[in-house]
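The lines below spell out each chain.
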Amino acid sequence: MLKIGLTGGIGSGKSTVAKLFQQLGIPVIDADLIAHQLVRPGQPALGALVTEFGPAILTSKGELDRSRLRELIFHDHTAKTRLEAILHPAVFAEMHRRATGLQTPYCILAIPLLIETNAQSMVDRILVIDCPERLQIERVKRRDGLDESLIKRILASQASRQERLAHAHDIIVNEGDLAMLERRVKDLHLYYLKLKPNQHGNHDP
Ligand code: ADP
């Protein structure tokens, strides 16, 4: 199974691209979604978090109290590392497990923080969605209603465009309209269908 890692900064168009691949019949395994599923009550990862951070990170219903956890991370800089040490291996193992059961010629692993979490070895190729920061800011403003200074802080906390592009095997420059994006995804789809599993290192078709 050829695994394509889909990544890009906030507002670059990852979710839109993921949907387009899905419409072409390609399964998308989403790291963010799995991270949410793995901390539901009864899941071992939630138990591990409680062991690490104490029961105060749970709501009265026994669910993960995300705002409490965010607060903890904000006040204790080691907490983020400890949280990631529990969560990331669990998420990656689950992604791997789900990819193994698939029958399609290739699949997409959507990992927004692929570069930041050093997850390159999880995938055979890296597809970066790239666009100018100005466009990222405009899109996130429109999509989430966040103010510009917060969006800029999020951008600064992520890998830079250059860092991400340095790891890319394939790049989608998403600065045109949706029809252009759709054409580019279709072309890449045809290219991926012809690749063999574990084929590394070739650049754009
Ligand atoms: P990400 O998942 O990378 O944060 P999204 O796919 O959610 O980004 O895209 C951010 C916003 O921009 C969404 O509202 C999406 O509909 C819009 N968008 C993405 N690409 C385009 C495009 N080529 N043309 C117009 N709108 C776009």
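Owing to the predicted nature of the structure, the values given are computational and were not obtained by experimental measurement.

Engineer: Before we move on, can you summarise helix α1 (residues 14-23) with the specific residues and values?
Structural biologist: Of the positions making up α1, those classed as buried are Lys14, Val17, Ala18, Leu20 and Phe21. End-on, the buried residues of α1 take up no more than an arc of 160°, which puts them together on one face. α1 presents Ser15, Lys19 and Gln23 as exposed residues on the side facing more than 90 degrees away from its buried surface. Contacts from the buried residues of α1 go to β1 (2-8), β2 (28-30), β3 (106-110), β4 (125-130), β5 (170-173) and α9 (178-194). Trailing α1 by a residue or two, Gly25 shows a phi angle of about 90°, which is positive.

Engineer: How would you sum up the pattern of salt bridges? Please name residues and give values.
Structural biologist: A side chain of one charge can pair with a side chain of the opposite charge if their charged atoms are brought near each other. Under the criterion given, the structure shown has 13 salt bridges. For Lys141, the salt bridge is made with Glu148, and the minimal N-O distance between the two is 2.8 Å. Classification of Lys141 by relative accessible area gives partly exposed; the value is 34%. Across the salt bridge formed by Arg143 and Asp144, the nearest N and O atoms sit 2.9 Å from each other. Several salt bridges share partner residues, and in doing so they unite Arg134, Lys141, Glu148 and Lys152 into one network.

Engineer: Explain the domain arrangement of the protein to me, using residue names and the numbers behind them.
Structural biologist: Its domain assignment divides the protein into domain 1 (1-27 + 106-198) and domain 2 (34-101). Counting residues at the interface gives nine residues for domain 1 and five residues for domain 2. With both sides pooled, the region where domain 1 packs onto domain 2 buries about 580 Å², and carbon together with sulfur makes up 83% of that total. The largest contributions to the domain 1 side of the interface with domain 2 come from Lys3, Thr117 and Met122, which together make up 58% of the buried area. There are zero salt bridges connecting domain 1 and domain 2.

Engineer: Give me the sheet that holds β1: which residues, what numbers.
Structural biologist: Taken in spatial order, the five strands line up as β2-β3-β1-β4-β5 in an open sheet, and their pairing is parallel. The sheet is open, and its two edges are formed by β2 and β5, each paired on a single side. The sheet shows a mean angle of 25° between the axes of neighbouring strands, taken without regard to direction. As paired elements, β2 and β3 share three bridges and run parallel to each other. Each bridged residue has a counterpart across the sheet, and for Asp30 the counterpart in β3 is Ala110. Sitting on the sheet, α1 touches β1, β2, β3, β4 and β5, and the angle it makes with β1 is about 150°.

Engineer: Kindly report on the pairing of β5, identifying the contributing residues and their values.
Structural biologist: Only one face of β5 is covered, namely the one carrying Asp170 and Ile172; the face carrying Ile171 and Val173 has none of its residues buried. The pairing of β4 with β5 spans four bridges and is parallel. For Val128, the partnering residue across the bridge sits in β5 and is Ile171.

Engineer: Lay out empty space enclosed by the protein in plain terms, naming residues and giving numbers.
Structural biologist: Scanning all chains against the criterion turns up two cavities of 30 Å³ or more. Taken as a whole, the largest cavity holds about 40 Å³ of empty space. Forming the walls of the largest cavity are Glu133, Gln136, Leu155, Gln158, Ala159, Ser160, Arg161 and Arg164. Elements represented by at least two residues in the lining of the largest cavity include exactly α6 (133-144) and α8 (161-166). The residue makeup of the lining of the largest cavity, split by class, is two nonpolar, three polar and three charged. The calculated volume of the second largest cavity comes to roughly 30 Å³.

Cut-offs applied
Residues numbered from 1 in each chain as written. Predicted model: local features only at pLDDT ≥ 70, side-chain atom pairs only at ≥ 80, totals over all residues. Heavy atoms only, no water. Buried < 20%, exposed > 50% of the residue type's maximum accessible area, 1.4 Å probe, protein only. Helix = DSSP H or I, 4+ residues; strand = E, 2+ residues; numbered from the N terminus. Arc of directions from axis to C-beta. Contact = heavy atoms within 4.5 Å. Salt bridge = Lys/Arg side-chain N within 4 Å of Asp/Glu carboxyl O. Domains from an automatic or database assignment. Buried area = accessible area lost by both parts, 1.4 Å probe. Pairing = 2+ DSSP bridges. Axes fitted to C-alpha atoms, helices over the stretch in contact; angles between N-to-C directions. 1 Å grid on protein atoms, 1.4 Å probe; cavity = no way out; pocket = protein on both sides within 12 Å on 5 of 7 lines; lining within 4 Å. Points joined across faces, edges and corners; volume = space filled by probe spheres on them. Nonpolar A, V, L, I, M, F, W, Y, C, P; charged D, E, K, R; others polar.

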